[in-house]
Amino acid sequence: QELALKSLGNEGLFLFSSLDTNKDLYLSPEEFKPIAEKLTGVAPVSESEEEETPDPDGETLSIVAKFQPLVMETMTKSKDGFLGISHVALSGLRNWTAPAAPMSVLLARQFKAFLPPKNKLELGDPWWIIPSELNIFTGYLSNNRFYPPPPKGKEVIIHRLLSMFHPRPFVKTRFAPQGAVACIQASSSFYYTVAFRIHAEFQLNEPPNFPFWFSPGQFTGYIVLSKDSSHVRDFRLFVPNNRSLNVDMEWLYGASESSNMEVDIGYLPQMELESTGPSIPTVIHDENGKVIDSRDPSGEPIQFVFEDITWQQEIPWEEAARRLEVAMYPFKKISYLPFTEAFERAKAEKKLVHSILLWGALDDHKASCASSVPGSGRTLRETVLESSPILALLNQSFISSWSLVKELEELQSNRENEFYSKLAELHLEKYNFPVEMIICLPNGTVIHHINANYFLDITSMKPEDVESGIFSFSTNFEDPSTATYLQFLKEGLQRAKPYLQS
């Protein structure tokens, strides 16, 4: 390592390390490939573990990409004019104003990766297209990378689709939960509608600049395809844009894994792929099996007529999306309602509101103010929020909700509904960066709250070192985080008794 640093210098070693994926201080031909492709200008050829034999009679599907760039004014750092941030750091982001490939033609058979395995034919029963290989114990993948590893197997089609937006998609994110999950939304004699959710991210910079990671909250969508994957009727993939912030960004400021990292969040109005119509044959045969011209005598393309699909079973899109969300995030086994709806429900059911207030989203794959910030929602959702005792108590005694700080600031300033404005104000009074867990009455009165950083600090200490009276550790659970969060919820219930009884 020292010799390499001496020979290559800081930035040279940084680039070398970003390519040396197995960290053996030797670049194999496979590891050197991204640089070779950059130098020669030869585009990579995707390889699938299962070699595809092109079907001369197969169908093709035309897909268009729609993209509106990130609204720079929605980034937190725009408020001070990006003071102290070099123009070079944001160059990849600023220059990404259009999709890399506005249109692409793919073989219908390539979409067989979206077909369900034989043991997952029930509606809404999720399966993994690309399994998540990370969890709270495995840690995360290196930030110091520029070029995605070659996709394999079912990763190939997803990599190909995401490459229409940008040339450097990573189909496996650095942080859990990774991968792609799907379920059947509808079924007929010959067709499925498959709903899917993908967690992927993009690397916007290249050497000599330092890495800049662009991580949409999620990609979701659906595909309508025949059960033998020979025909695709419809396809759509998109980044949801219904919340005020939907992208996490992280960029390095130095030539090492431990270098300073800036984080920010922002709003992406549109990132979408859509089929222009059903897949169509590349070669057309008449009833006698003879190849005929794909254009009529006047030169117009032959118009295909497709039979209507009669669905025998189907579930609503919202239900399919929820099943996929729970597969990615077990903590979502209980519902997290929108902020104002949670208080209405709590009032009706005479329960407390368990609310989580964050800088960034709790159920996007790079949750809450980026993973490099301690106390993030990512840590919460992968530990205490998905533990069985917590899920049981939340389900029994609380109505849960999570909100973005930005959304509550907007709600507070909107005076059309004074009650909602006051609810937001009471929450924001208790908020400290990055995540605040709050227990309150249906009228918005906060009766207990704890900051995530403080929570993680005390749960990492030995029980005897924690100030008595803050939280008492239960001996019923080995995990101090679960025990402490359970205590937090129970103390909230205890403090609320006089109010709930009245």
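Every residue gets a number counted from 1 within its own chain, in the order that chain's sequence is written. Where totals are concerned, whole chains, interfaces and linings use all residues; where local detail is concerned, this predicted model gives features only for residues with pLDDT of at least 70, and gives and counts side-chain atom pairs only at 80 or more. Neither water nor hydrogens contribute to the side-chain values; these are computed over all heavy atoms in the structure.

A.B. asks: Where do I start with helix α10 (residues 418–430) in this structure?
C.D. replies: Helical periodicity: at 3.6 residues per turn, an α-helix aligns residues three or four positions apart in one direction. Counted at 1.5 Å a residue, the expected span for α10 with its 13 residues is 18 Å, and the 19 Å between its end C-alpha atoms agrees. Packed against the buried residues of α10 are α6 (339–349), β19 (352–358), α9 (405–413), β21 (435–440) and β22 (446–451). By the N-cap criterion, in which a side-chain oxygen at the helix start approaches the backbone nitrogen of a residue two or three places on, α10 is capped by N417, the distance to F419 being 3.1 Å. Only DSSP runs of H or I covering at least 4 residues are called helices, and only runs of E covering at least 2 are called strands; the numbering of each starts at the N terminus. For a helix, the expected span equals 1.5 Å multiplied by the number of residues minus one. Should any heavy atoms of two residues lie within 4.5 Å, those residues are considered in contact. Within 3.5 Å is the distance limit for a polar contact, defined as a pair of N or O atoms, with the added protein rule that one can donate a hydrogen and the other accept it, and that residues adjacent in sequence qualify only through two side-chain atoms.

A.B. asks: Would you mind going over the sheet that holds β19 with me for this structure?
C.D. replies: Strand-to-strand pairing in sheets goes through backbone hydrogen bonds, with the strands running parallel or antiparallel. Here we have five strands laid out as an open sheet, ordered β18-β20-β19-β21-β22, and mixed in their pairing. Edge positions in the open sheet fall to β18 (336–337) and β22, since each of these has one partner strand only. Bridge count for β18 against strand β20 (residues 398–404) is two bridges, and the pairing is parallel. Bridge assignment links Y336 to a residue of β20, and that residue is S400. Strands in contact with α9 are β19 and β20; relative to β20, the strand with the most contacts, it is inclined by about 90 degrees. Axis definition: a line fit to C-alpha positions, over the contact stretch in the case of helices; interaxial angles, taken between N-to-C directions, run 0 to 180 degrees. Packing of helix α11 (residues 452–459) onto the sheet brings it into contact with β21 and β22, and relative to β22 it is tilted by some 65 degrees. By the convention used here, strands pair only if DSSP detects at least 2 bridges between them.

A.B. asks: Mind showing me how you'd approach unusual backbone geometry here?
C.D. replies: With the exception of glycine, most residues fall at negative phi, and the peptide bonds are largely trans. Cis geometry is found at the peptide bond from A176 to P177, where omega equals -5 degrees. Its location among the elements puts P177 in the loop between β4 (169–170) and β5 (179–187). At K350, a position not held by glycine, the phi torsion is positive, near 55 degrees. Within the secondary structure, K350 is located in the loop between α6 and β19.

A.B. asks: Explain the environment of D57 here, please?
C.D. replies: Relative to the helices and strands, D57 is located in the loop between α2 (29–40) and β1 (59–68). Distance from D57 to P281, taken between C-alpha atoms, is 6.5 Å for residues 224 residues apart in sequence. Contacts of D57, omitting those with residues within four sequence positions, involve T282, V283 and H285.

Limitation: the analysis is restricted to geometry and does not speak to function.
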